[in-house]
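# Descriptive structure summary
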Amino acid sequence: MFRFTATSALALILGAAPVLADVTPAQVWENLQEYGTEYGYQVTGTVEDAGNTLTVTDAVFSMPGERDSSTVTLPKMTFQETGDARVRVTIEGDVAVDSRFMAPVPQETPEADPEEGADAPADPPAAEAAPEMVEMTVTGTIRLPGNEMVVSGTPEDMLYEFTYPTLEFDFALPTEPGRDMTIPVTGSLTDLAGSQRNVAAAEGMDTTFDMKAAEAAMQIEARMPADDAGVGGGTVNFQVALTNLASQGTGKTPSGSFDMGTQMTQALAAGLELDTTLTYDTLQGSFDVAGKDEDGQDQSGKGSFSTGATDIAFQMSGQGLGYKAATADAKAEMTLGTLPFPISYAVEGIAAEMLIPVSQGEAAQPFKFVYALEGLTFADAIWDLFDPTSQLPRDPASLTVDLSGDAVVSQDLFDPAPAEPQADTMPEAPFMPRTLTVNRVALDAVGATADITGSLEFGDNPNEPVGKLNGSFEGVNGLMDKLVAMGFVPQEQMMGMRMMLAMFAKPAEGNPDQLTSEIEFREGGQIFANGQQVK
């Protein structure tokens with residue numbers, strides 16, 4: 001909902017501004033304006049220079065645009081010499097944030113006329129009219145009591161250290177286009193402190209940063225009115241808190257001026273890089289909702305969720321967009337008014353990794369997707385819904401998906417032009433696969449296991465790969481027998497499923513409960529299963 005360029009204005013003020021600070025307060029403010037202008041901001045303010053102290057009132061960082069605009073206003077900024085070649089920067093008053101953007105009004109789908117017969121000739125499709133656009137606004141304030149930042153070093157190698165005992169914010173978020181209704185969002189960071197070092201480089205600036213916070217919290221408490229027909233409405237109460245946050249990272253900022261909202265492709269090509277990590281010890285959250293459905297019946301629900309230690313890493317450069325995360329001891333429980341028992345589950349560990357190429361090029365570029373779920377368990381009340389006699393094993397389940405390969409990228413991922421819809425034109429797929437390696441796809445659940453590996457190569461037609469996939473399966477026959485005994489699948493239908501399975505898998509020697517399969521893809525779209533052609 002927020003533009004990157006809008007929210008980054010505050011980052012410039014609170015963190016990046018001192019990057020260009022010099023030995024005098026006047027030079028700090030002058031370089032702050034130059035830094036903001038390079039990123040597309042219009043910077044204004046009333047300046048009072050008393051030599052060793054400079055005061056700026058009504059400092060405004062604005063980012064105008066054709067379809068949206070953002071403004072961050074600081075009532076007062078003070079730049080003061082400390083007497084030891086350093087500059088102390090403080091912000092007084094509430095920081096105001098205002099972001100405006102255009103959004104299409106949802107179109108209602110016309111209901112079919114019941115008097116028209118099914119055999120009535122269909123009218124030719126009419127050209128779709130341009131959707132009605134309305135302005136939506138996000139407003140909010142940020143409070144920084146007791147904030148302080150001390151800048152030291154030289155203009156070419158600047159270190160700034162900051163402390164924010166409390167950072168509080170509240171925002172009013174719009175709900176949907178065309179409705180004059182907002183959702184209040186409040187939150188805070190406590191004991192936020194850290195440092196950042198910026199070193200001038202030949203092609204821009206190299207940055208390292210390290211910051212910590214004791215706790216981060218966010219709350220949403222809102223009353224949602226019903227629509228014009230009296231449907232919906234109710235209350236929403238949501239809150240979440242994280243403890244012992246820490247973030248470290250490095251970055252490379254290229255020289256030149258870039259609007260990160262519309263010129264990300266150009267910035268990446270010029271050398272923009274970001275490598276950052278975020279960790280926290282615990283996450284605790286809860287929600288409580290109540291309202292009415294379309295029939296006017298009361299609906300309610302509440303629940304809680306939590307995780308243990310979590311690590312998140314993010315990388316972005318012209319070489320690709322990378323994400324990696326791992327969390328332990330995830331739990332969730334919820335109670336719905338339509339169910340007579342709570343829904344509860346737990347996971348010992350979740351891990352995910354992703355690498356996506358972002359830059360257009362003729363040569364194939366690597367990609368990766370990894371997901372691992374370990375120790376998934378459900379409450380007995382859920383199992384008892386479909387297995388009241390406990391015939392299925394309720395051991396913790398696990399899932400692993402590990403894929404990698406190469407693909408040709410036909411268009412820049414951050415290029416805004418392809419996002420604009422074109423009449424009578426189907427958008428082209430931005431990725432064309434060249435190789436796919438199934439490092440492992442494995443499932444262990446309800447007494448059965450599956451393990452698949454293999455590799456495929458793709459030519460000009462991605463629908464006709466060449467390569468092999470090998471699979472090993474255990475406990476499948478026993479699971480089928482239990483499903484029949486439980487009445488889930490009739491015996492005659494299960495016979496058909498067994499015949500289909502026999503086409504693609506065969507028993508392993510010496511272990512009839514273990515099945516193996518080799519699926520081979522050949523030139524021309526032919527497919528063989530264990531040597532027998534199936535296509």
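Residues numbered from 1 in each chain as written. Predicted model: local features only at pLDDT ≥ 70, side-chain atom pairs only at ≥ 80, totals over all residues. Heavy atoms only, no water.

### With respect to the packing of helix α5 (residues 476–485) against helix α6 (residues 491–504)
It is at 10 Å that the axes of α5 and α6 come closest, and there the two elements cross at 165 degrees. As summarised for this structure, α5 and α6 are arranged roughly antiparallel, according to the angle between their axes. α6 is crossed by α5, and the crossing has right-handed handedness. For the pair α5 and α6, contact is made by Val476, Asn477, Met480, Asp481, Leu483 and Val484 and by Gln491, Met494, Arg498 and Leu501, respectively. (Axes fitted to C-alpha atoms, helices over the stretch in contact; angles between N-to-C directions. Helix = DSSP H or I, 4+ residues; strand = E, 2+ residues; numbered from the N terminus. Parallel < 35°, antiparallel > 145°, perpendicular 65-115°, else oblique. Left-handed = near helix turned anticlockwise from the far one by under 90°. Contact = heavy atoms within 4.5 Å.)

### Examining the side chain of Thr207
Mapped onto the elements of the fold, Thr207 is located in strand β10 (residues 204–224). Within the structure, Thr207 has its side chain in polar contact with the side chain of Asn198 (distance 2.7 Å). Here Thr207 is in contact with Gln196, Arg197, Asn198, Gly249, Thr250 and Gly251, once residues within four sequence places are set aside. (Polar contact = N/O pair within 3.5 Å; in protein donor to acceptor, adjacent residues only side chain to side chain.)

### Some thoughts on a negative patch on the surface
Negative charge collects at one region of the surface, where Asp329, Glu348, Glu374, Asp395 and Asp444 lie side by side. Structurally, Asp395 can be placed in the loop between α4 (380–386) and β19 (397–409). Look at Asp395 and you get exposed, because its relative accessible area is 55%. (Patch = residues over 30% accessible without salt bridge, like charges linked within 9 Å, V, L, I, M, F, W, Y side chains within 5 Å. Areas by Shrake-Rupley, 256 points an atom, 1.4 Å probe, with all protein chains shown as cover. Salt bridge = Lys/Arg side-chain N within 4 Å of Asp/Glu carboxyl O. Lys, Arg positive; Asp, Glu negative; His and termini not counted. Charge placed at Lys NZ, Arg CZ, Asp CG, Glu CD. Buried < 20%, exposed > 50% of the residue type's maximum accessible area, 1.4 Å probe, protein only.)

### Overview of the pairing of strand β5 (residues 95–104)
Going residue by residue along β5, you find Val95, Val97, Ser99, Phe101 and Ala103 tucked away on one face and Ala96, Asp98, Arg100, Met102 and Pro104 left uncovered on the opposite face. Direction of pairing for strand β3 (residues 68–81) relative to β5: antiparallel, over a ladder of six bridges. By the bridge assignment, Ser69 is partnered in β5 with Arg100. Bridge count for β5 against strand β6 (residues 133–143) is 10 bridges, and the pairing is antiparallel. Bridge assignment links Asp98 to a residue of β6, and that residue is Thr139. (Pairing = 2+ DSSP bridges.)

### Focus on the environment of Arg223
The topology assignment puts Arg223 in strand β10. Arg223 gets classed as exposed once you look at its relative accessible area, which sits at 67%. In sequence terms Arg223 and Gly234 are 11 residues apart; their C-alpha atoms lie 5.8 Å from each other. With sequence-adjacent residues up to four places away left out, Arg223 is seen in contact with Gly234 and Thr235.

### Here's the deal with the pairing of strand β12 (residues 273–280)
Consecutive side chains of a regular strand alternate in pointing toward one face of the sheet and then the other. Note: strand β11 (residues 234–254) against β12, seven bridges, orientation antiparallel. Pairing of Ala246 across the sheet is with Thr279, part of β12. Strand direction decides the pairing type here: β12 and strand β15 (residues 310–317), joined by seven bridges, are antiparallel. When the bridges of β15 are listed, Thr277 appears paired with Ala313.

### Regarding unusual backbone geometry
Of note, Asp58 is a non-glycine position whose phi angle comes to about 50 degrees, a positive value. Summarising the element assignment, Asp58 is placed in strand β2 (residues 53–63). We classify Asp58 as partly exposed; its relative accessible area is 48%.

### Section: the nonpolar core
Trp29, Leu74, Phe79 and Ile142 are the most contacted members of the largest nonpolar core, which totals 44 residues. It is strand β8 (residues 157–174) that provides the largest number of residues to this core, a total of seven residues. Among residues more than four places away in sequence, those in contact with Trp29 are Val43, Thr44, Val47, Leu54, Val56, Ala59 and Phe79. (Core = buried A, V, L, I, M, F, W, Y, C linked by side-chain atoms within 4.5 Å.)

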